[in-house]
Amino acid sequence: MPSWSRRIAKAVVAAATAAAAVAGSTAAAHASPLPEPVWIYVQPGHGVGVYTQPYASSAKAPWISDLHAGDEVAIDCWVAGGQVGNFGDVWYRTQAVLYAGGGSTSYGAPWWTFAPYVDGANAFHQKIVPPC
């Protein structure tokens, strides 16, 4: 992905977060623990759904296709949500997704992705992102 695309994506996420805070919306009550989301590559092994809540039984985010190895997610914190098999219960709050194949970039948040399927929960274990 061209570096200018990533810069634009980061700018849009930052602007949307700031706009929500200024507007005093309910999203502002759940302000991002990180000043700017961290971009994480989806690792091989699992398709990753993008959900409206941190549970596999919740609805998937509308208009967002499942993610695969090489796609990216912008995350800003984690929560303990629904357990998925024996993989755990850590979910990343996801602010944006970027598709490796040059597909569309989707914004509108927060959404949730299952951390063990994204990166083996590495951003959680390495304390790259804080709890929400």
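Residues numbered from 1 in each chain as written. Predicted model: local features only at pLDDT ≥ 70, side-chain atom pairs only at ≥ 80, totals over all residues. Heavy atoms only, no water.

Draft legend 1. Geometry of the overall build of the protein chain. Across its full length, the protein chain carries 3 helices and 4 strands. For the protein chain, the N- to C-terminal ordering of α and β elements is α-β-β-β-β-α-α. Within the protein chain, buried positions represent 41% of all 132 residues. In the protein chain, of all internal contacts separated by at least 6 residues, the share reaching a separation of at least 24 is 65%. In the form shown here, the protein chain has an accessible surface area of approximately 6,800 Å², with 59% of it arising from carbon and sulfur atoms. (Helix = DSSP H or I, 4+ residues; strand = E, 2+ residues; numbered from the N terminus. Buried < 20%, exposed > 50% of the residue type's maximum accessible area, 1.4 Å probe, protein only. Contact = heavy atoms within 4.5 Å. Areas by Shrake-Rupley, 256 points an atom, 1.4 Å probe, with all protein chains shown as cover.)

Draft legend 2. Molecular detail of the state of the cysteines. On inspection of all chains with the given rule, the structure shows 1 disulfide. Sulfur-sulfur distance for the disulfide between C77 and C132 comes to 1.9 Å. Looking along the S-S bond of the C77-C132 disulfide, the torsion reads about 85°, which is the right-handed sense. Taken together, the positions of C77 in strand β2 (residues 72-80) and C132 in the segment after α3 (122-125) put the pair 55 residues apart, joining distant regions of the chain. (Disulfide = S-S within 2.5 Å.)

Draft legend 3. Expanded view of the side chain of S58. Looking at the element boundaries, S58 is found in the loop between β1 (38-41) and β2. Here the side chain of S58 touches Y55 through a polar contact of 2.6 Å, landing on its backbone oxygen. Once residues lying within four places of it in the same chain are set aside, the contact partners of S58 are Y51, T52 and Q53. (Polar contact = N/O pair within 3.5 Å; in protein donor to acceptor, adjacent residues only side chain to side chain.)

Draft legend 4. Up close: the packing of aromatic side chains. Enumeration over the complete set of coordinates arrives at 6 aromatic pairs. Ring centres of F87 and Y117 lie 5.4 Å apart, and the angle between their planes is 80°; on these two criteria the pair is classed as edge-to-face. Taken together, the residues F87 in the loop between β2 and β3 (90-98) and Y117 in helix α2 (residues 115-119) connect sequence positions 30 residues apart. Taking the centre distance of 5.0 Å and the plane angle of 90° together, the rings of F114 and Y117 count as edge-to-face. In terms of burial, F114 and Y117 fall into one category: buried. Taken together through their ring pairs, the aromatic side chains of Y51, F87, W91, F114 and Y117 make up a single cluster. (Phe/Tyr/Trp six-rings, centres within 6.5 Å; stacked < 30°, edge-to-face > 60°.)

Draft legend 5. A look at the nonpolar core. Counting 28 residues, the largest nonpolar core has L67, V73 and Y92 as its most contacted members. Within the residue set of this core, elements represented by two or more residues are β2, β3, β4 (106-114) and α2. (Core = buried A, V, L, I, M, F, W, Y, C linked by side-chain atoms within 4.5 Å.)

Draft legend 6. Examining unusual backbone geometry more closely. Despite not being glycine, A121 has its phi angle at roughly 65°, a positive value. As for its position among the elements, A121 is in the loop between α2 and α3.

Draft legend 7. Quick look at the side chain of D76. Take D76: it is sitting in strand β2. Looking at D76, the relative accessible area reads 0%, which means it is buried. Engagement of the side chain of D76 in a polar contact is seen with the side chain of R93, the distance being 3.0 Å. Looking at D76, its side chain comes within polar contact range of the side chain of Q95, at 3.0 Å.

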